[in-house]
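# Fold and contact review
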Protein chains: 2
Amino acid sequence: MSRPTKYQPERGEAKTRLLEAALLLIRSKGYSATSVADLCEEAGVTKGAFFHCFENKEALGVAAANFWAENTGAFFADAPYHQHDDPLERILAYVAFRKAIIDGDISEFTCLVGTMVQEVYAISPAIRDACANSIFGHAHTLEADIADAMKVHKLDSVWTAESLARHTQTVIQGAFVLAKAGNDPSLATESLDHLDRYIRLIFNPSKGS
Amino acid sequence: MSRPTKYQPERGEAKTRLLEAALLLIRSKGYSATSVADLCEEAGVTKGAFFHCFENKEALGVAAANFWAENTGAFFADAPYHQHDDPLERILAYVAFRKAIIDGDISEFTCLVGTMVQEVYAISPAIRDACANSIFGHAHTLEADIADAMKVHKLDSVWTAESLARHTQTVIQGAFVLAKAGNDPSLATESLDHLDRYIRLIFNPSKGS
DNA sequence: ACATACATACCTGTCGATCGGTATGTAAAC
DNA sequence: GTTTACATACCGATCGACAGGTATGTATGT
């Protein structure tokens, strides 16, 4: 009935701890520069545990991308921007929400899969595809609102809901690149303001300022 | 008077050959996954030559970013989009030019410094700053045209020429991320169409379709 | 008892980096 | 105008550290 005096990871926790370590380390150091030993040290497990949980380093990369997709998927599903009645308001609230969560350390608000896919798209198709699923899966969650807004505003546009949904992700991913380069989060929020303005204009061209 | 029968790199060429190898390899494999040996093999020189030309691998990264800035700077300075009389036409022609050169292998049209900065922003401030100079230096070349267009169209907007110039780079960098993830260049051109539409709308709000 | 979930020890190749040496140029001395 | 002196450009062997990965041992739950 006695508890260990020093914290030891519970049995069964190693995989989750390694995935959480992967999110932390890969987001700041990149995939290639993050070694298996780094991951084990951060997670507080040994190499034996690592290769018990994952076949190899690439498999961890794939699992990390999927883990990211699950976590962010739940995070955005629970976010408050879905509450508006008007679909256009939901879209704009999404952009505002993305802007609001850009705060603090750059490695904490930027995107794991956007970072990782740039690095490994040519050397690991498996990781690339997992990253693609995360990005385009998230984009897909915006499509219904965009399509509804197009109906409400009676738009007969040359662009599609899918295309605009992807474009929002383009701006977000690019915003992270500039924020990293300039070491300044406001470089990211600035572009989200342009995105907000764009969406307002294409849904209501006459009201542009 | 005899010429060597087999091609040997001329004396003095090693540095340039290594920089060209760096552009090729880092754009497809990333910075960390590109080893010094890889670079030497691609350039056709030895490790001795490498560490004669560059103090260490990080110095090559910085030099590669600067080399990229020089090459692309000359490339865009010579490009035909500057020829239009109207400044707004020059801006739109720039976007069209960026769209037109998205073709072929992904590693051949994507951006070295955008890729590299995502990977190393936290582990090498020197490379990060060199990448930032390239990105924001290029953005700066667009500012005069944007400022002129704002005057011609008598805009009194909440956004600045600097901000819109940076936003164009945001969209371009993000477009590369999505193209790499989906392994499809049309994912990049699609967002440039949205950027074109945005620029037309903010300079002439009533004419939006 | 047996499988699962790890830990420990270690192997092999590759990493960035160093170093002594050599070939080539350059410029002043005589 | 040849010799001397030195600098530059590059080669190739080698280093210690560390990479990813494996082989084997051990504790734990069922």
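Source: prediction; values computed, not measured.

## Observations concerning unusual backbone geometry
Look at A:Lys154: it is not a glycine, yet its phi comes out positive at around 50°. With respect to the secondary-structure elements, A:Lys154 resides in the loop between helix 8 (125-152) and helix 9 (161-182).

## Considering the protein's contact with DNA strand C
Around DNA strand C, the structure places 19 residues, and the nearest of them are A:Arg11, A:Thr46, B:Val36, B:Lys47 and B:Lys57. For DNA strand C, the fraction of atoms within 4 Å of the protein that belong to sugar or phosphate moieties is 59%. Here A:Thr46 contributes a side-chain N or O atom positioned 2.7 Å from a phosphate oxygen of DNA strand C. Between a phosphate oxygen of DNA strand C and a main-chain N or O atom of B:Val36, the distance comes to 2.8 Å. Only helix 3 (47-53) of chain A together with helix 3 (47-53) of chain B provide two or more residues apiece to the surface near DNA strand C. A per-class count over the surface near DNA strand C returns five nonpolar, seven polar and seven charged.

## Quick notes on the relation of the copies chain A and chain B
Superposing chain A onto chain B requires a rotation of 180° together with a translation of 0.0 Å along the rotation axis, leaving an RMSD of 0.0 Å. What the superposition gives is, in effect, a two-fold axis relating one chain to the other. Proximity to the rotation axis, assessed at the C-alpha, singles out A:Gly174 in chain A; its C-alpha lies 1.8 Å from the axis. The fraction of interface residues of chain A whose copies in chain B are also interface residues reaches 100%, indicating that both copies meet through the same surface.

## A closer look at helix 1 (residues 14-29) of chain A
For helix 1 of chain A, with 16 residues, the first-to-last C-alpha span of 21 Å sits near the 22 Å given by 1.5 Å per residue. Among all positions in helix 1 of chain A, only A:Ala14, A:Leu18, A:Leu19, A:Ala21, A:Ala22, A:Leu23, A:Leu25, A:Ile26, A:Arg27 and A:Ser28 are buried. Buried residues belonging to helix 1 of chain A abut helix 2 (36-43), helix 3, helix 4 (57-77), helix 6 (106-109) and helix 7 (112-120) of chain A together with helix 7 (112-120) of chain B. Downstream of helix 1 of chain A by a residue or two, A:Gly30 has a phi angle that is positive, lying close to 90°.

## Topic: the interface of chain A and chain B
Interface size is commonly expressed as the accessible area that is lost once the parts come together. Listed as interface residues are 50 residues of chain A and, on the opposing side, 50 residues of chain B. The junction of chain A with chain B conceals about 4,400 Å² of combined surface from both sides, 64% of it contributed by carbon and sulfur atoms. Looking only at chain A, the three residues that lose the most surface to chain B are A:Gln118, A:Tyr121 and A:His194, adding up to 16% of its buried area. With 15 residues, helix 9 of chain A is the single largest residue contributor to the side of chain A that touches chain B. Residue classes in the side of chain A that touches chain B are distributed as 23 nonpolar, 19 polar and eight charged.

## A word on the nonpolar core
Of all hydrophobic cores here, the largest spans 149 residues; its most connected members are A:Met116, A:Ile146, A:Phe203, B:Met116, B:Ile146 and B:Phe203. Other than its neighbours up to four places away in sequence, B:Phe203 contacts B:Leu88, B:Ile91, B:Ile146, B:Ala149, B:Met150, B:His153, B:Leu155, B:Trp159 and B:Leu164.

## Here's the deal with the confidence of the model for chain A
Across chain A, the average pLDDT comes to 93, with 93% of residues at 70 or higher. In the predicted structure, residues 1-7 of chain A sits below a pLDDT of 50 and forms two contacts with residues beyond four places in sequence or in another chain.

## Some details on the packing of helix 8 of chain A against helix 9 (residues 161-182) of chain B
Running from N to C, helix 8 of chain A and helix 9 of chain B cross one another at 120°; their axes reach a closest spacing of 8 Å. Judged by the angle between their axes, helix 8 of chain A and helix 9 of chain B are oblique. Every pair of crossing elements has a handedness; the one defined by helix 8 of chain A and helix 9 of chain B is left-handed. Contact residues: helix 8 of chain A offers A:Arg128, A:Ala132, A:Ile135 and A:Phe136, while helix 9 of chain B offers B:Leu178, B:Lys180, B:Ala181 and B:Gly182. For the contact of helix 8 of chain A with helix 9 of chain B, a count of residues per class yields five nonpolar, one polar and two charged.

## A look at the protein's contact with DNA strand D
Surveying the vicinity of DNA strand D reveals 18 residues, the closest of which are A:Val36, A:Lys47, B:Arg11, B:Gly12 and B:Gly48. Counting only the atoms of DNA strand D that lie within 4 Å of the protein, the sugar and phosphate share comes to 50%. At a separation of 2.8 Å, a phosphate oxygen of DNA strand D approaches a polar backbone atom of A:Val36. One nitrogen or oxygen atom from the main chain of B:Glu13 is found 3.4 Å from a phosphate oxygen belonging to DNA strand D.

## Structural notes on helix 8 of chain A
Residues and elements named next belong to chain A. In a regular helix each residue adds 1.5 Å, so 28 residues correspond to 40 Å; helix 8 covers 40 Å between its end C-alpha atoms and thus fits that length. The sharpest bend along helix 8 reaches about 30° and sits at Leu142. Of the residues flanking the end of helix 8, it is Lys154, one or two places downstream, whose phi is positive at about 50°.

## Re the environment of A:Leu195
Residues and elements named next belong to chain A. By the secondary structure assignment, Leu195 is in helix 10 (residues 186-203). Residue classification places Leu195 among the buried positions, given a relative accessible area of 2%. For Leu195 and Gly174, which are 21 residues apart along the polypeptide, the C-alpha to C-alpha distance reads 12 Å.

Rules used throughout
Residues numbered from 1 in each chain as written. Chains lettered and ligands numbered in written order. Predicted model: local features only at pLDDT ≥ 70, side-chain atom pairs only at ≥ 80, totals over all residues. Heavy atoms only, no water. Helix = DSSP H or I, 4+ residues; strand = E, 2+ residues; numbered from the N terminus. Near = heavy atom within 4 Å. Polar contact = N/O pair within 3.5 Å; in protein donor to acceptor, adjacent residues only side chain to side chain. Nonpolar A, V, L, I, M, F, W, Y, C, P; charged D, E, K, R; others polar. Least-squares fit on C-alpha atoms with pLDDT ≥ 70 in both. Contact = heavy atoms within 4.5 Å. Expected span 1.5 Å × (residues − 1). Buried < 20%, exposed > 50% of the residue type's maximum accessible area, 1.4 Å probe, protein only. Buried area = accessible area lost by both parts, 1.4 Å probe. Core = buried A, V, L, I, M, F, W, Y, C linked by side-chain atoms within 4.5 Å. pLDDT = per-residue confidence, 0-100. Axes fitted to C-alpha atoms, helices over the stretch in contact; angles between N-to-C directions. Parallel < 35°, antiparallel > 145°, perpendicular 65-115°, else oblique. Left-handed = near helix turned anticlockwise from the far one by under 90°. Bend = angle between axes of the 7 residues up to and from the residue.

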